[in-house]
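Chain residues, written in single-letter form:
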Amino acid sequence: MPNYVPMPFRELKPLPEAERVFDRFLLELEERLNNDAIDRNELVRTTLCDLYFGTPGEFERINDDSLSFSARTMLACFDPRNTTLEPEYYANCDPARYYPRKPITWLWQMFDRSPVGLHAGLGHRFRRVLAPYIFERVGANFKSWQFVEWSFGYNLSFGDNVVVHKNVLIDDRGKVTIGSDVSISDFANIYSHSHDIVEIDSVRTDLTSIGDRARITYHATVLSGTSVGDDAMVGSFGVVTKAIPDFNIATGIPARPVSIKPNAPEDARRAFDEREDNLTGRMRGDALP
């Protein structure tokens with residue numbers, strides 16, 4: 001058996017003066033997000049200008065003829081009202097639910113691409129502040145790494161202690177529910193919509209669910225309308241096309257259960273063995289003359 005050893009994250013802290021600045025930045029940001037008198041588009045515009053330039057009032061230079069038009073274009077795009085994102089083009093986008101979230105989505109995405117966006121510790125805290133203003137539900141201790149993408153936000157819910165790693169796509173054009181203590185590894189994809197094979201403009205949306213303590217590992221894909229059970233695991237590059245039962249480990253394209261976790265209860269283990277016996281029997285039957 002492989003000799004696995006626990007490797008928890010190390011505790012890292014910036015210098016005290018920087019930590020005080022970070023704390024104040026996040027506190028003020030959350031206070032402004034909670035202030036209904038502040039237009040969120042203007043909040044985002046100001047925050048992004050400060051993050052990128054470090055000086056206040058930079059946005060006003062959008063009318064400065066001494067700047068190139070490319071520089072003024074960049075300034076214009078700090079304001080979410082001057083940008084468009086792919087999900088708002090979708091016909092099933094609900095404007096009443098999407099547009100209050102759009103500025104915060106833009107702030108999240110532009111923070112990731114800013115000079116401080118690769119700061120892991122600050123980034124986790126920053127995204128945790130923004131997440132409740134974007135997603136349907138966010139449990140305790142939510143952690144997101146860089147360059148995570150989603151569709152609407154309002155159809156996506158997270159339980160407690162969820163970790164979403166770098167470059168993950170979660171398509172919530174339909175509904176996506178992610179349980180507690182879930183890990184979604186780098187470059188994984190989770191979908192909740194599909195297209196008709198003949199009419200590409202005909203779209204179906206479904207519920208896609210990820211159970212408690214499930215793991216979606218590197219580059220795996222979970223297709224629309226499927227589910228990954230509690231304590232289940234999808235191996236690297238696996239493509240889930242139908243439900244993966246609790247405690248099962250699924251791999252391949254399409255992904256199918258190939259083993260069961262050693263901590264599985266007896267009923268889950270018995271169900272796995274029965275499925276394996278049925279599969280083996282069908283394979284033998286196919287081989288008969």
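Going by the structure above, here's the rest.
The text that follows walks through the structure, step by step, so that each part is easy to find. (Residues numbered from 1 in each chain as written. Predicted model: local features only at pLDDT ≥ 70, side-chain atom pairs only at ≥ 80, totals over all residues. Heavy atoms only, no water.)

1. Here's the deal with the sheet that holds strand β2 (residues 143-144)
Logical step 1: Here 7 strands make up an open sheet; going across it, the order is β2-β5-β8-β13-β16-β18-β19 and the pairing mixed. Each edge of the sheet is formed by a strand with only one pairing partner; in this case those strands are β2 and β19 (256-260).
Logical step 2: When strand β18 (residues 248-251) meets β19, the two strands line up antiparallel, connected through 4 bridges. For I249, the partnering residue across the bridge sits in β19 and is S259. (Pairing = 2+ DSSP bridges. Helix = DSSP H or I, 4+ residues; strand = E, 2+ residues; numbered from the N terminus.)

2. With respect to the pairing of β18
Logical step 1: In this structure, strand β16 (residues 233-234) lies alongside β18, joined through 2 bridges in parallel fashion. When the bridges of β18 are listed, V234 appears paired with A250.
Logical step 2: Adjacent in sequence and paired antiparallel, β18 and β19 are bridged by 4 residues, among which G252 carries a positive phi angle near 95 degrees.

3. Describing the sheet that holds strand β15 (residues 227-228)
Logical step 1: Strand order in this open sheet of 5 strands is β1-β4-β7-β12-β15, and the pairing throughout is parallel. Looking at strand neighbours, the two that pair on one side only are β1 (137-138) and β15, the edges of this open sheet.
Logical step 2: For strand β12 (residues 207-210) and β15, the ladder comprises 2 bridges, and the chain directions are parallel. By the bridge assignment for β15, I210 is matched with V228.

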